[in-house]
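Commentary on secondary and tertiary structure
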Amino acid sequence: MTELNNELIRHSAADLAAKLATREVTAVEVTQAHLDRIALVDGQVNAFLHVNTEEALAVAAEVDAARAAGGSAAEELHALAGVPIAVKDLIVTIGQPTTAGSKILEGWHSPYDATVVKKLRAAKMPILGKTNLDEFAMGSSTEHSAYGPTRNPWDLDRIPGGSGGGSAAAVAAFEAPLALGTDTGGSIRQPGAVTGTVGVKPTYGAVSRYGAIAMASSLDQIGPVSRTVLDSALLQEVIGGHDPFDSTSLTDPFNDLVAAARVGNVAGMKIGIVKELHGEGYQAGVENRFNESLQLLKDAGAEIVEVSCPNLKYALGAYYLIMPSEVSSNLAKFDGVRFGMRVLPKDGPMTIERVMGATRAAGFGDEVKRRIILGTYALSAGYYDAYYGSAQKVRTLIQRDFDAAFAKADVLISPTAPTTAFKLGEKLDDPLAMYLNDVATIPANLAGIPGLSLPGGLADEDGLPVGIQLLAPARQDARLYRVGAVLESMLEEKWGGPMLAQAPELSSASTTAGGSN
Ligand code: GLN
């Protein structure tokens, strides 16, 4: 890799956009630099399930041609035109496979683009490829992918979080300046925390879910993954907005996000520490970095208050009833008839039920099966009221807790995850330990409110990234960017530059990661 390329991959999306606009660099150079980086390091990281070389370069060439032509062709280009992006492989794309990290969709191609992908194409952002994930986005470590785990660029023996570990690792390893993720219980924010990147779950309905393969529809949300707060704001403005193809899509424009990230001012704001979202069960180094961030926000003129959301202690329980219930319904369509894989029973009658059974037995992994069984049970007659019904009541109580908290604070703050990245394999056989990684992120999905995770420093005991989470009331996504930008700039001043500059250099040395590009 040349010096120039090595430098290009380290720029933020905002910086790349500026360099492209002044024609200091071309979109082909920028895209090629990232493709070279993927070729160099993805054998170790395994962030990508598919690399979209030709199409990405073709889109980049179109951007360069429009800029060279000048006049209206150049003026009409979107600010992010030519800035490449990676897309989580739960989001459907024409011209590239979509696997959802599952064997059941191996080799499947979508006949349509997700709305967010259409928007990326309209903005002429080259799509570098599709990123790895836990199967159907179920997991917190990306170890439940049918295509091998993704590894954390900070330590290749550790998990990159999940389910969107591929998107977070791609951005952390400088393989892409931006990525799309999906967040049902934390799958954008928790990988962001453990890889030292920024991840945002927008307000439910702020970004269309059309074309995101549904996990739990009332919780799912597509959102940005980036290295800076401003970059996430830029990306959310590209992908957001009303979509008639998603019946839960909001009509609010959400076009004040970039401005909020650029202003970044917390003077006079009230920031609420959620009593239930830190302390016991959180790693000491995580708590230390959290307290440091609180002090910085105080220094910047914010007032720190303490709030309590007593029903959050039931959030994980409610989530692990509501989510699998919706999963059991959403995944019924993978039946060996309509999509992807079909397995015929070895012997006996060839009925449709038996084909479905054989296909689902072979195509789904253990975690997916576990959740389908759990959800089917929770929804069954006789148990529906006791489990699903009660969980929905708890969901309402949590929403009310947040309403009360936001009467006292403009924004809430907590660590994003209770620990730093754990070792691959460490929690794979213990589903409950795995589920606990999401205690701090799940409440936002249950309440439909927006959440942002940004790097808060490295934990004292292991030198690994810690994430700080900000939460705002529904529709107030701009507040997250405003507060996030201030905290980010104060932290970077303290570190003398971006936190990712401290990550170990990756080389092309081979490992056992087993990338399948
Ligand atoms: N880790 C959580 C789960 O396993 C969240 C997943 C997600 O947000 N897609 O359900």
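The rules we used
Counting of residues starts from 1 at the beginning of each chain's written sequence and follows it residue by residue. This being a predicted model, a pLDDT of at least 70 is required before a residue's local features are given, and a value of 80 or more before pairs of side-chain atoms are given or counted; all residues contribute to the totals for chains, interfaces and linings. Hydrogens and water are ignored here; the side-chain numbers use all heavy atoms of the structure. For the purposes of this entry, the term helix denotes a DSSP run of H or I that reaches at least four residues, the term strand denotes a run of E that reaches at least two, and both are numbered from the N terminus. The reference for a compact globule is 2.2 Å times residues^0.38; the radius of gyration itself is calculated from the C-alpha atoms. Per-residue accessibility, obtained with a 1.4 Å probe over protein chains only, is compared with the maximum for each type, and a residue is labelled buried under 20%, exposed over 50%, and partly exposed between these values. In what follows, a contact means two residues having at least one pair of non-hydrogen atoms within 4.5 Å. Note that His is not counted, nor are the chain ends; the positive residues are Lys and Arg, and the negative ones are Asp and Glu. To locate a charge, take atom NZ for lysine, CZ for arginine, CG for aspartate or CD for glutamate. Here the term cavity refers to a set of points on a 1 Å grid, laid over the protein atoms alone, in which a 1.4 Å probe fits but cannot get out; the term pocket refers to an open set having protein on both sides within 12 Å along at least five of seven lines, with lining residues being those that place an atom within 4 Å of a point. Grid points are joined across faces, edges and corners, and a volume is the space filled by probe spheres set on the points. All amino acids are sorted into three groups, where Ala, Val, Leu, Ile, Met, Phe, Trp, Tyr, Cys and Pro are nonpolar, Asp, Glu, Lys and Arg are charged, and the leftover types, Gly among them, are polar. When a carboxyl oxygen of Asp or Glu lies within 4 Å of a side-chain nitrogen of Lys or Arg, that pair is called a salt bridge. Between any two strands, at least two bridges found by DSSP are needed for them to pair. For every element, the axis is a line fit to its C-alpha atoms; helices are fit only across the contacting stretch, and the angle between N-to-C directions ranges from 0 to 180 degrees. Nearness is defined per residue: one heavy atom within 4 Å of the molecule or strand is enough. Side-chain atoms alone can form a polar contact between residues adjacent in sequence; in general such a contact is a pair of N or O atoms within 3.5 Å, and within protein one must be able to donate a hydrogen while the other accepts it. Areas reported here follow the Shrake-Rupley algorithm with a probe of radius 1.4 Å; residue values treat only the protein chains shown as occluding. A molecule is said to be in a cavity or pocket once over half of its atoms fall within 2 Å of that pocket's grid points. Put simply, angles under 35 degrees are roughly parallel, angles over 145 are roughly antiparallel, angles from 65 to 115 are roughly perpendicular, and the rest are oblique. Working rule for handedness: look at the near helix, and if it is turned counterclockwise from the far one by less than a right angle, call the crossing left-handed; if clockwise, right-handed. Here the nonpolar core consists of buried residues drawn from Ala, Val, Leu, Ile, Met, Phe, Trp, Tyr and Cys, with membership extended through side-chain atoms lying within 4.5 Å.

**Let's talk about the overall build of the protein chain**
Along the protein chain, the regular secondary structure elements total 18 helices and 11 strands. Rg of the C-alpha trace for the protein chain: 22 Å, near the compact-globule value of 24 Å for 517 residues, within the 12% margin. Taken across its 517 residues, the protein chain has 61% of its residues classed as buried. Contacts in the protein chain between residues far apart in sequence, at least 24 positions, make up 77% of those at least 6 positions apart. Separation between the mean location of the 43 positive side-chain charges and that of the 59 negative ones in the protein chain comes to 5 Å.

**Things to note about empty space enclosed by the protein**
Applying the stated criterion across every chain, the model contains three cavities of 30 Å³ or more. Looking at the largest cavity, its volume works out to about 80 Å³. The wall of the largest cavity is formed by Gly-196, Arg-227, Leu-454, Pro-455, Glu-488, Leu-491, Glu-492, Trp-495, Pro-498, Met-499 and Leu-500. Within the residue set of the lining of the largest cavity, elements represented by two or more residues are strand E10 (451-458) and helix H18 (477-495). Broken down by element, the residue count for the lining of the largest cavity peaks at four residues, all from H18. Looking at the lining of the largest cavity residue by residue, the class counts come to seven nonpolar, one polar and three charged. If you add up the space inside the second largest cavity, you get close to 60 Å³. Ala-137, Gly-139, Ser-187, Tyr-319 and Asp-438 are, among the 13 residues lining the second largest cavity, the residues nearest its centre.

**Section: the pattern of salt bridges**
One pass over the structure, following the stated rule, counts 17 salt bridges. For the salt bridge of Arg-289 with Asp-460, the shortest nitrogen-to-oxygen distance reads 2.8 Å. Here Arg-289, found in helix H11 (residues 284-299), pairs with Asp-460, found in the loop between E10 and strand E11 (465-471); they are 171 residues apart in sequence, far enough to count as distant. Overall, Arg-289 belongs to the buried group, its relative accessible area being 11%.

**Things to note about the sheet that holds strand E1 (residues 48-51)**
Strand order across the open sheet formed by 11 strands is E1-E3-E2-E4-E6-E5-E10-E11-E9-E7-E8, with mixed pairing between neighbours. A strand with exactly one partner marks an edge of an open sheet, and here the two such strands are E1 and strand E8 (303-307). In this sheet, neighbouring strand axes are inclined to one another by 25 degrees on average, regardless of whether the strands run parallel or antiparallel. Relative to E11, strand E9 (residues 411-415) is paired through four bridges, and the arrangement is antiparallel. Considered in E11, the bridge of Leu-412 is made with Leu-471. Of the strands in this sheet, strand E2 (85-88), strand E4 (178-182), strand E5 (198-201), strand E6 (222-226) and E10 touch helix H9 (residues 229-239), which is tilted by about 150 degrees from E6. Most of the contacts of helix H15 (residues 385-408) go to E9, to which it runs at about 110 degrees, and overall it touches strand E7 (270-274), E8, E9 and E11.

**What to know about the environment of Leu-379**
Looking at the element boundaries, Leu-379 is found in helix H14 (residues 366-379). Note on Leu-379: relative accessible area 30%, which makes it partly exposed. Not counting residues within four places of it along the chain, the set of residues in contact with Leu-379 comprises Ser-325, Ser-328, Tyr-384 and Tyr-388.

**Details of the site of the ligand**
Lining the immediate surroundings of the ligand are 16 residues, of which Thr-184, Gly-185, Ser-187, Tyr-319 and Asp-438 lie closest. Contacts to the ligand include Gly-185, whose backbone N or O atom sits 2.7 Å from an oxygen atom. Within the side chain of Ser-187, an N or O atom sits 2.6 Å from an oxygen atom of the ligand. Burial of the ligand by the protein amounts to 100% of the accessible area it has alone, namely 290 Å². With respect to the pocket detection grid, the ligand is positioned in the second largest cavity.

**Points about the packing of helix H12 (residues 315-330) against H15**
The relative placement of two packed helices comes down to the angle between their axes together with the axis-to-axis distance. As a packed pair, H12 and H15 sit with axes 9 Å apart at the nearest point and diverge in direction by 125 degrees. The angle between H12 and H15 places the two elements in the oblique class. Seen from above, H12 lies across H15 with left-handed handedness. Residues Ala-315, Ala-318, Leu-321, Ile-322, Ser-325 and Glu-326 of H12 touch H15, and the partners they reach there are Tyr-387, Tyr-388, Ala-391, Gln-392, Val-394, Arg-395 and Ile-398. When grouped by side-chain class, the residues that make up the contact of H12 with H15 number nine nonpolar, two polar and two charged.

**Details of the nonpolar core**
Formed by 138 residues in total, the largest nonpolar core has its most connected members in Leu-120, Phe-136 and Phe-402. Leave out the neighbours within four places in its chain, and Leu-120 touches Ile-85, Val-87, Met-125, Ile-127, Leu-180, Leu-235, Val-238 and Ile-239. Within the second largest apolar cluster, 18 residues are counted, among which are Val-45, Phe-48, Ala-86 and Val-171.

**Focus on H9**
The buried fraction of H9 amounts to 10 of the 11 residues, a majority that puts the element mostly inside the structure. For H9, the full list of buried residues reads Val-229, Leu-230, Asp-231, Ser-232, Ala-233, Leu-234, Leu-235, Gln-236, Val-238 and Ile-239. Phi for Gly-241, located one or two positions after H9, is positive at around 110 degrees.

Any functional reading would require information beyond the geometric quantities listed.
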